Amino acid sequence: MNALIELITSPTGSLAYHLILAFTVLGALQAVLNQADERVALQRGRLALGLGALLALRGVLFLAAGFAVQGLAGLDLLLPVLDRGVGVLALVVILWLWLAPEPNRGLDAAAIFAVVLVALVTGLGALFWLGRGQVGGLNFSTLGFIFEGLALGLILAGELALLTRRPAGWSTGLAMLVILFLGTLAQLAAPNQGDWAAWMRVAQLAAMPLLFSLSARLHLPVVTPAPLNLPEPASTPATTPTEEPQTSLPKGLPVGELLGILNLGASEKPEEVCQLLTRHLARALVADVALLLSAPDSSGQVVIMCGYDLIREDSLGGGILDQKHIPGYAEAMQRNKPLQVPASSKLDALARALGLKSSGNLLVLPLLNEESKPLAAIVLLSPYSGRVWSAEDLRYIKETGPAVSQLLQKTQRGYRMRENLLTAEARLSETLQEHERLLEEQRRAGEELEALRQSAAESDQQRTTIRELEQELERQRLTASAAGGAVVAGSEALQEENAQLKKELVNFERLKKAAQAVATERDQLRAALEARPDESAPAESMGLSSEQAEVIASIAQDLRQPMSSIIGYTDLLLSESVGILGALQRKFLDRVKASTERMNTLVGNLVQITALDSGNIHITPEAVDLSAVIDQSIGETSNQMREKNIALRVDLAHDLPRMHTDRDAVQQILTHLLSNAGAATPMEGEIALAARHEPANGSGESILLEVRDTGEGIPQEELPRVFSRLYRADNPLIQGVGDTGVGLSIAKTLTEALGGDIWVESDLGRGSTFRVRLPVVSPASNGQNGSAAE
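Residues numbered from 1 in each chain as written. Predicted model: local features only at pLDDT ≥ 70, side-chain atom pairs only at ≥ 80, totals over all residues. Heavy atoms only, no water.

Caption draft 1: Highlighting the overall build of the chain. Helix and strand counts for the chain stand at 19 helices and 14 strands. Relative to its 790 residues, the chain shows a buried fraction of 39%. Put simply, of all contacts in the chain between residues at least 6 apart along the chain, 69% involve residues at least 24 apart. (Helix = DSSP H or I, 4+ residues; strand = E, 2+ residues; numbered from the N terminus. Buried < 20%, exposed > 50% of the residue type's maximum accessible area, 1.4 Å probe, protein only. Contact = heavy atoms within 4.5 Å.)

Here it is in structure tokens:
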């Protein structure tokens, strides 16, 4: 054994090793190609493809080893990694050959994926190995263990799949994988010195000759088709355990197939008989697909009664075809003549109806009923093998046709008789139930008659009963009269309510026009604001005179009056106190209210801006509970956050002191910051509001307020312009600042008036944090006799 290992790991021995394996694969390929049976053309092609791939891999290794022996630079270092990678690729191809003799999308895709994965590992391993710049030691390296572990995993998965699927010849494939497994395991347990996996090479030399058994899959039994003598249910003779059933089925047909055919005579369900017929016809004739089609109806429609796919071993469901999809089908059915159509694009519609890529060659045999009229047709297809139907196949189905037709008719008659018996039984049961019901009614009528006779004898009691009935009728008449009056009164009330609703509708139309007029005025005001001087100019150069400020305040007051009316009437309509609203009406009214409140906010901002520009800022210090101010600011912005389903997180320190400052100014600062955060935060986002106490320093105690949003963030180069009025980023959708920036400008001016600071920090893609530091005690100023909030 040691001498063998030394031989196959030497340079010249490696050449002999690759040559032996190449000739072994070539012999297996020649054995497969020698199979000329067209019935297994598809399987032969798949085997030839796999064995050809193995031969190509071995040829590549042989050439690489030869060049390495000649001293070609670089190959002596790269060849060990290439040898391991090609060995694992060959293992993938071997697994595919044993597991997928027939087309299988799942296995084919898994094989392609494994090949790509192994090729990628081999390429990366080669780069890694070349980077080391040394020769030798692959057996004891991490890269060598990776290749061996990958081979072991593939072998174990292949053995499990073979034991589960058990394709033809699976035991030989399992033996081959066991040999390869033992060789790989021995290599892992006792690796030899150098770069070549000696134990794995010994296992491959022992296992590769088993590839010759793959050609045995292509050996189909040569049978002479004979008619199916389908037995009658009553005439099936009972046999003893020592007797063999007599039948003229093809010699060599498995006993399970024979019993399945005998069950045809005992079945009473047409669909079951149809499925059994197509299955056994497909197996007896080795047809890829066998179908039973109906005769064309008056509209040219053909029904696919049933079918069987021999390759997939699956029954085919029903469907409807146009007779034009099978050229010559209608004429063949009318003339009772067999039809053969070679594979062509004319049969593509039939293939699509059956879920096949192609139909292959077509053979049709019409079946007649007892009146010599078209009953159905046997259809054979060869979409996988491309088999050409011979005269022997045609003779076989011709001899089988009468028996199949007779069995179909007998099954249909028996099924109809059974259905008729069941129907008659159901009708008889219904008749008996009806008779019992009539008897029960007759018994009850007799009892009622006897009761009437007894009551007739009591005449006094009968007259009393009549008088009571007359009194009851009178009470009912009076009740009906009162109900009629109520109906009239209700009708009048409904008319009044209808008139009231009409009046409200007129009022609503007026409100709508007023809202449109307010919107027009708002647009004019916005245009006037946009026509103001450039924002980069100092604030002092933009001051307004007291007369201009009074004019703007007067216009704002005039705007607030119709807006208050609109909000009031909208709330009245939304409360449904004047009538029930539909879903669409409520939606429109909610939009009117939201837009009006937005306009009210804009008007307030306009008044604030006017006051700021005119220098008319008044601070009124007072004791302020910061928690109450925060609650009020949250309430003012709650609708905005509710519309976007924004979550608000509030974190207030427990040691917040009472402030001595202007309450309205602090509230406006918080409201503007929260409103800006709500506009910048996307749907389902989150806003965090925090407040904490900062101990006394050089400038005294202060309160730090933080408002953090989860918007897109603000670019660093734009941060200096955040508090500029009418600020807009280059891309409004991701600028990270909500609305026009007017609110932030007001917040900055009020913060500075209170002796505080305001700044912003932003992280693109994560959001922005606005911070305000306000002194606990606001610095006094001359002329503090007003309020900062209007």
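Caption draft 2: The arrangement of the pattern of salt bridges in detail. All chains considered together, the criterion is met by 21 salt bridges. Here E399 makes a salt bridge to R395, at a shortest N to O gap of 2.6 Å. Residue E399 and its partner R395 are located together in helix 13 (residues 391-456), separated by four residues, close to a single helical turn. Taking the relative accessible area as the measure of exposure, E399 reaches 35% and is therefore partly exposed. By relative accessible area, R395 is classed as partly exposed at 31%. Where salt bridges share partners, they join E440, R443, R444 and E447 into one cluster. (Salt bridge = Lys/Arg side-chain N within 4 Å of Asp/Glu carboxyl O.)

Caption draft 3: Structural context of the packing of aromatic side chains. Per the stated rule, a full pass over the model turns up one aromatic pair. Arranged with centres 6.1 Å apart and planes meeting at 90°, the rings of F723 and F770 form a pair that is edge-to-face. One end of the pair, F723, is in the loop between strand 12 (700-708) and helix 19 (742-753); the other, F770, is in strand 14 (residues 767-775), with 47 residues separating them in the sequence. The two residues F723 and F770 agree in class, both being buried. (Phe/Tyr/Trp six-rings, centres within 6.5 Å; stacked < 30°, edge-to-face > 60°.)

Caption draft 4: A look at the packing of helix 18 (residues 663-680) against helix 19. Relative to each other, helix 18 and helix 19 sit at 150°, their axes nearing to 9 Å. Classified by the interaxial angle, the pair formed by helix 18 and helix 19 is roughly antiparallel. You can see that helix 18 and helix 19 cross each other, and the crossing is left-handed. Listed contacts from helix 19 to A665, Q668, I669, H672, L673 and N676 of helix 18 are G743, L744, I746, A747, L750 and T751. Of the residues contributing to the contact of helix 18 with helix 19, the split by class is seven nonpolar, five polar and no charged. (Axes fitted to C-alpha atoms, helices over the stretch in contact; angles between N-to-C directions. Parallel < 35°, antiparallel > 145°, perpendicular 65-115°, else oblique. Left-handed = near helix turned anticlockwise from the far one by under 90°. Nonpolar A, V, L, I, M, F, W, Y, C, P; charged D, E, K, R; others polar.)

Caption draft 5: View of the pairing of strand 13 (residues 757-763). Here strand 13 shows a clear split, with I758, V760 and S762 buried on one side and none of D757, W759, E761 and D763 buried on the other. Where strand 13 meets strand 14, seven bridges bridge the pair, whose relative direction is antiparallel. What sits directly across from W759, in strand 14, is R771. (Pairing = 2+ DSSP bridges.)

Caption draft 6: Local environment of the pairing of strand 1 (residues 289-294). Within strand 1, six of the six residues are buried, which leaves it mostly tucked inside the rest of the structure. Note: strand 1 against strand 2 (residues 301-309), five bridges, orientation antiparallel. If you follow L292 over to strand 2, its bridge partner there is C306. Hairpin geometry of strand 1 and strand 2 is characterised by an intervening segment of six residues between the two adjacent antiparallel strands and by a positive phi of about 80° at G300. Looking at chain direction, strand 1 and strand 7 (residues 374-381) are connected through six bridges and run antiparallel. Directly across from L291, in strand 7, lies its bridge partner V379.

Caption draft 7: Main features of the sheet that holds strand 9 (residues 647-652). As summarised here, the arrangement of the five strands in space is 9-11-12-14-13, forming an open sheet in which the pairing is mixed. Strands at the two margins of the open sheet, each flanked by one partner only, are strand 9 and strand 13. Averaged over all adjacent pairs, the angle separating strand axes in this sheet is 15°, with direction ignored. Of the strands in this sheet, strand 13 and strand 14 touch helix 19, which is tilted by about 140° from strand 13.

Caption draft 8: Representation of the nonpolar core within the structure. Of all hydrophobic cores here, the largest spans 50 residues; its most connected members are L51, L54, L97 and L211. Within the residue set of this core, elements represented by two or more residues are helix 2 (11-33), helix 3 (41-69), helix 4 (75-99), helix 5 (105-132), helix 6 (142-165), helix 7 (170-189) and helix 8 (198-207). Counting residues per element, this core draws most heavily on helix 4, which supplies 15 residues. Sequence-distant contacts of L51, that is, excluding residues within four places in its chain, are made with V25, A28, L29, V32, L97, L211 and L214. V629, L670, A677 and L705 belong to the second largest nonpolar core, which has 38 residues in total. (Core = buried A, V, L, I, M, F, W, Y, C linked by side-chain atoms within 4.5 Å.)

Caption draft 9: Region of interest: helix 8. Extensive coverage of helix 8 is indicated by the burial of seven of its ten residues. Restricting attention to buried positions, one finds in helix 8 the residues A198, M200, R201, V202, A203, Q204 and A207.

Caption draft 10: Broad picture of unusual backbone geometry. We note that S372 has phi near 60°; this positive angle belongs to a residue other than glycine. Owing to a relative accessible area of 55%, S372 belongs among the exposed residues under this scheme.

Caption draft 11: The arrangement of the environment of Q43 in detail. With respect to the element layout, Q43 can be found in helix 3. On the basis of relative accessibility, which here comes to 12%, the residue Q43 falls in the buried class. Taking the C-alpha atoms as reference points, Q43 and R217, separated by 174 residues in sequence, lie 8.4 Å from one another. Among all residues touching Q43, those that are not within four sequence positions of it are P101, E102, L218 and I311.

Caption draft 12: Representation of the environment of S595. Considering the arrangement of structural elements, one finds S595 in helix 16 (residues 583-613). S595 sits in the partly exposed class, given a relative accessible area of 40%. Along the chain, S595 and M563 lie 32 residues apart, while their C-alpha atoms are 10.0 Å from each other.

Caption draft 13: Structural detail: helix 19. Look at helix 19: 17 Å from first C-alpha to last across twelve residues, which is about the 16 Å you get at 1.5 Å a residue. Here helix 19 has its buried residues at V742, G743, L744, S745, I746, A747, L750 and T751. (Expected span 1.5 Å × (residues − 1).)

Caption draft 14: Structural view of the packing of helix 17 (residues 626-643) against helix 18. The contact between helix 17 and helix 18 brings their axes to 9 Å, and the two run at 35°. As helix 17 runs across helix 18, the sense of the crossing is right-handed. Facing helix 17, whose interface residues are L626, A628, V629, I630, Q632, S633, I634, E636, T637, Q640 and M641, helix 18 presents R663, V666, Q667, L670, T671, L674, S675, G678 and A679.

Caption draft 15: Quick peek at the side chain of E706. For E706, the location among the structural elements is in strand 12. E706 sits in the buried class, given a relative accessible area of 16%. A distance of 3.2 Å separates a polar atom in the side chain of E706 from a polar atom in the side chain of R692. What E706 contacts, discounting residues up to four positions off in sequence, is A688, L689, A690, R692, F770 and R771. (Polar contact = N/O pair within 3.5 Å; in protein donor to acceptor, adjacent residues only side chain to side chain.)

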